Amino acid sequence: MEEVRLQKFMAECGVASRRKCEELILQGKVKVNGKTINELGIKINPKKDKVTFNGTRIKIEEEKVYILLNKPIDYVTTAHDQFERKNVLELVKGVNRRIVPVGRLDMYTSRSININK
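Residues numbered from 1 in each chain as written. Predicted model: local features only at pLDDT ≥ 70, side-chain atom pairs only at ≥ 80, totals over all residues. Heavy atoms only, no water.

Draft legend 1. Inspection of the sheet that holds strand S3 (residues 35-37) at higher detail. Pairing in this open sheet of four strands is antiparallel, and the strands run S3-S2-S5-S6 from one edge to the other. Either end of the sheet is taken by a strand with one partner, and the two such strands are S3 and strand S6 (56-58). Across the sheet, the mean angle separating the axes of adjacent strands is 40° when strand polarity is ignored. As judged from the three bridges shared by strand S2 (residues 30-32) and S3, these two strands associate in the antiparallel manner. Of the residues in S3, the one forming a bridge with Val 30 is Ile 37. (Pairing = 2+ DSSP bridges. Helix = DSSP H or I, 4+ residues; strand = E, 2+ residues; numbered from the N terminus. Axes fitted to C-alpha atoms, helices over the stretch in contact; angles between N-to-C directions.)

Draft legend 2. How the structure looks around the pattern of salt bridges. Throughout the structure, instances matching the rule amount to three salt bridges. A salt bridge links Lys 20 to Glu 23; the nearest nitrogen and oxygen atoms lie 3.5 Å apart. With a gap of three residues between them, Lys 20 and Glu 23 both fall in helix H2 (residues 18-26), about one helical turn apart. Note on Lys 20: relative accessible area 39%, which makes it partly exposed. Here Arg 85 ties to Asp 81 by a salt bridge, and the two come within 2.8 Å at their closest N and O atoms. With relative accessibility at 15%, the residue Asp 81 sits in the buried group. (Salt bridge = Lys/Arg side-chain N within 4 Å of Asp/Glu carboxyl O. Buried < 20%, exposed > 50% of the residue type's maximum accessible area, 1.4 Å probe, protein only.)

What follows is the structure, encoded as structure tokens:
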């Protein structure tokens, strides 16, 4: 694996969104190989460098799990909703892994059915 920007690596590890990871870096909450990083633009090698956030080592999960879900109406496709609406993670129980929702975001969409032939 080649070098990647620190905030991109952190986002892929599930720490936060890329922009939020930039804030965390600027706040000095991230270390690379024991050195506190507080500037953007740093590149790391995920296979060689040790990255910690608030003292906890972070790394990319090697094994991924994919879940196909027909989203019902009244749920939004997001992990956290600022308006406290129901989200698709509430429908997925018993998965002890990070889940990244993708797909239609609006709450009024379900599966598409074409009734005109």
